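Take a look at the letters that make up each chain.
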Amino acid sequence: MPARSLLTTFAVLALLLPPASAAGHNTGPTAEDTVDPQMGAAATSDGRVQAAYTYEIQTRGDVASDPDRFAAIAGRILDDQRGWSLGGGVTIDRVGAGGDFNLILASPQAVDAAHPVCSSNYSCRVGDDVLINDRNWRNATSAWRNAGGDIGTYREYLINHEVGHFLGFGHFDCPGSGQAAPVMQQQSISLQGCSPNGWPVQFERDRLGDRLGVPVRDAAAEPRLTGDFTGDGSEDVAEYDPATGEWRVGVSSGDGYDVSVWNRFGTNRGWQVHLAGDLTGDGVDEIASYHAGTGNWIVQTSTGSSFDHRVWARFGTTSGWETHQLADLTGDGTQELVSFHGRTGNWVVTRHDGDRASTRVWASYRTTSGWDHHVADVTGDGHDDLVNYHARTGNWMVSASTGSSLETSRWASYRTTSGWQTHQVADATGDGRADLLSYHPGSGNLVIGRSDGSAFSTSVWTGFNTRSGWQAHHAADVTGNGQAEWLSLHRGTGRWIVTRESGDGARSAIWGQLPTGAGWSWSEPTDATGDGAADVVSFNARSGAWWVARSTGSGFEPARWATR
């Protein structure tokens, strides 16, 4: 047996030992690929078996990807109920330092140097270090691409596979041609006839649940969207169940959701993105869904109690899209679909045109990768603009809409380019122009970039004494006074902290507390009561309950609105 293959075998066997071991992808499958994971230990470095894990984000070597965008994507994957969270039975939370494991975006050379078993061609787990190969994070592998896999699903696979090694799993083989590959199959090397898959299959989820002694809930419907699907002024919730193809809508009554099935997709797999917004200008929100396999955009229009759907647009280029967003670039009250293609740098805008849509390029970026994308009216002219942060340079670039094209210029530069947990763009000062809001957990600082219509003037808005444990940050007008506040949910306490502009800075206060700090997998600002002030809707994966924190203008009143 070649020396490196022998090391691979030892590494997989070492999953049964304290985590000084490594699990890599340097060779093809070995005889140990089907090691029973329940014999391993989902343990921290001191040997504790637990259902709550923490991780720290790091980089190693010279990486080309945006570390903050990597952290955001990885966080969403680890929070997703289809993954190792088992529908809420396990929590995997990011901390500033001292986590149970380190999730490291690493250069190929840094991966290779981490342990003799590791290779620059793949990712690797070495003890408490989970190393994600930056080159593969950006491009996937040829085996994956040749099997028809897309980059979004590959990233899901990469995070879940390598974290699965930390949780004690070895490798599995393809169970049969045409079936979804187990996430612990070495899909970077070969699909073995299976179809690409980024999430643990049921037997993998069941084994982790059995070993940890926690319940395994059905993978939750994804995604969840908010929008006014009835046109009554109160925003509703919608969720898609990929197992059945069903769209369920919770219609707001002002104090609860009436949940029912509104539509069913015949093709329930392969959907890459779902967006909610008013694409037709009739005051009622639609849902637009993109299928990467066909290039079709399907739009669902509301009848008031169900959805009708049709093909709205077709993209000839089906892959390479980095982001899709909705924005009112023309200022006419109708939202357009805005798509950025990471290979060409083109911004493509798709607009409603009768029963179908028209598509054309509005702008092109020479720098094609590393962007964090946002939409807001930063010029105050009634047109949404594109606001993009580039982590490697620290530049904030604004592509201001003229109504028919985009004019791009630099509005600000951050000297601290990495470590930002989240960026939001919203009008925090109430002058009609959206501002930047950025939170840095390393310093605890919340930074504001005030817009003057042509540039951002940045300063520290406030500082958080509690720097870690924040599950979600949002910007929304929860007071109804026309300016956005900063909303922060702390997972450990379940508290919502609201930060508001006070004239000479910002002031923070506790606005409310969810009944438990655990199990909250999704939250979104939404005007569920139709009173003009944003509320916050949250979903608890452990209980299957929808909660709405209704804004009183000075606090939140959380209540259960529905249980599915």
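Relevant structure appears above.
In this text the structure is predicted, and so the values were computed from the model without any measurement.

### Brief notes about the pairing of strand 11 (residues 271-277)
Part 1 of the argument: Among the seven residues of strand 11, five are classified as buried, and the element is accordingly described as predominantly covered.
Part 2 of the argument: Pairing between strand 11 and strand 12 (residues 286-291): six bridges, direction antiparallel. Looking across to strand 12, one finds that G277 is bridged to E286.

### Some thoughts on helix 6 (residues 151-166)
Part 1 of the argument: Counted at 1.5 Å a residue, the expected span for helix 6 with its 16 residues is 22 Å, and the 23 Å between its end C-alpha atoms agrees.
Part 2 of the argument: The buried fraction of helix 6 is high, at 14 of 16 residues.
Part 3 of the argument: By the N-cap criterion, in which a side-chain oxygen at the helix start approaches the backbone nitrogen of a residue two or three places on, helix 6 is capped by D150, the distance to G152 being 3.1 Å.
Part 4 of the argument: Where helix 6 ends, the next residue or the one after it, G168, has phi of about 110 degrees, a positive value.

### Focus on the state of the cysteines
Part 1 of the argument: One pass over the full model with this rule turns up two disulfides.
Part 2 of the argument: Each sulfur in the disulfide pair C118 and C124 lies 2.1 Å from the other. The chirality of the disulfide connecting C118 with C124 is left-handed, given an S-S dihedral of about -70 degrees.
Part 3 of the argument: Overall, the relative accessible area of 1% leaves C118 in the buried class.
Part 4 of the argument: Relative accessible area serves as the criterion here: at 0%, C124 is assigned to the buried category.
Part 5 of the argument: Note that C174 is cross-linked by a disulfide to C194, the S-S spacing being 2.1 Å.

### Considerations on the packing of aromatic side chains
Part 1 of the argument: Following the criterion strictly, the structure yields 36 aromatic pairs and no others.
Part 2 of the argument: Judged by centre distance (5.0 Å) and plane angle (85 degrees), the rings of F172 and F203 are edge-to-face. Here F172 is found in the loop between helix 6 and helix 7 (202-212), whereas its partner F203 is found in helix 7, with 31 residues between them in sequence.
Part 3 of the argument: Judged by centre distance (5.0 Å) and plane angle (35 degrees), the ring pair of Y290 and W297 falls under tilted. Of the two residues, Y290 and W297, neither departs from the other in class, the shared state being buried.
Part 4 of the argument: Site record: aromatic cluster; members linked through ring pairs are Y257, W522, F539, W546 and W561.
Part 5 of the argument: Lying across the ring of F169, R211 places its NZ or CZ 5.4 Å from the centre.
Part 6 of the argument: The aromatic ring of F539 is capped on one face by R224, whose charged end is 3.9 Å from the ring centroid.

### Thoughts on helix 7
Part 1 of the argument: Those residues of helix 7 lying buried are E204, R205, L208, G209, R211 and L212. Looking straight down helix 7, one finds that the buried residues subtend no more than 165 degrees of arc, so they occupy a single side.
Part 2 of the argument: Next to the buried residues of helix 7 lie strand 2 (52-60).
Part 3 of the argument: Phi for G213, located one or two positions after helix 7, is positive at around 70 degrees.

### Some details on the nonpolar core
Part 1 of the argument: By size, the foremost hydrophobic cluster in this structure holds 37 residues, and its most contacted members are W84, L103 and I159.
Part 2 of the argument: Listing elements by their share of this core, those giving two or more residues are strand 2, helix 2 (67-79), strand 4 (101-106), strand 6 (129-133), helix 6 and helix 7.
Part 3 of the argument: In this view, W84 contacts V90, I92, N160, V163, G164, L167, F169, V183, M184, P200, E204 and L208; residues no more than four positions away in its chain are not counted.
Part 4 of the argument: If you look at the next biggest cluster of nonpolar residues, it comprises 17 residues, including A391, W396, A412 and Y414.

### Details of the sheet that holds strand 30 (residues 506-513)
Part 1 of the argument: Taken together, the four strands give an open sheet; going across it, the order is 27-28-29-30, and neighbouring strands pair in antiparallel fashion. Pairing within the sheet leaves two strands with one partner each, and these edge strands are strand 27 (470-476) and strand 30. Strand-to-strand twist of the sheet, defined as the mean angle between neighbouring strand axes without regard to direction, takes the value 20 degrees.
Part 2 of the argument: Summarising the sheet, strand 28 (residues 485-490) and strand 29 (residues 495-501) pair through four bridges and their orientation is antiparallel.

Criteria and thresholds
Residues numbered from 1 in each chain as written. Predicted model: local features only at pLDDT ≥ 70, side-chain atom pairs only at ≥ 80, totals over all residues. Heavy atoms only, no water. Buried < 20%, exposed > 50% of the residue type's maximum accessible area, 1.4 Å probe, protein only. Helix = DSSP H or I, 4+ residues; strand = E, 2+ residues; numbered from the N terminus. Pairing = 2+ DSSP bridges. Expected span 1.5 Å × (residues − 1). Polar contact = N/O pair within 3.5 Å; in protein donor to acceptor, adjacent residues only side chain to side chain. Disulfide = S-S within 2.5 Å. Phe/Tyr/Trp six-rings, centres within 6.5 Å; stacked < 30°, edge-to-face > 60°. Lys NZ or Arg CZ within 6 Å of the ring centre and 35° of its normal. Arc of directions from axis to C-beta. Contact = heavy atoms within 4.5 Å. Core = buried A, V, L, I, M, F, W, Y, C linked by side-chain atoms within 4.5 Å. Axes fitted to C-alpha atoms, helices over the stretch in contact; angles between N-to-C directions.

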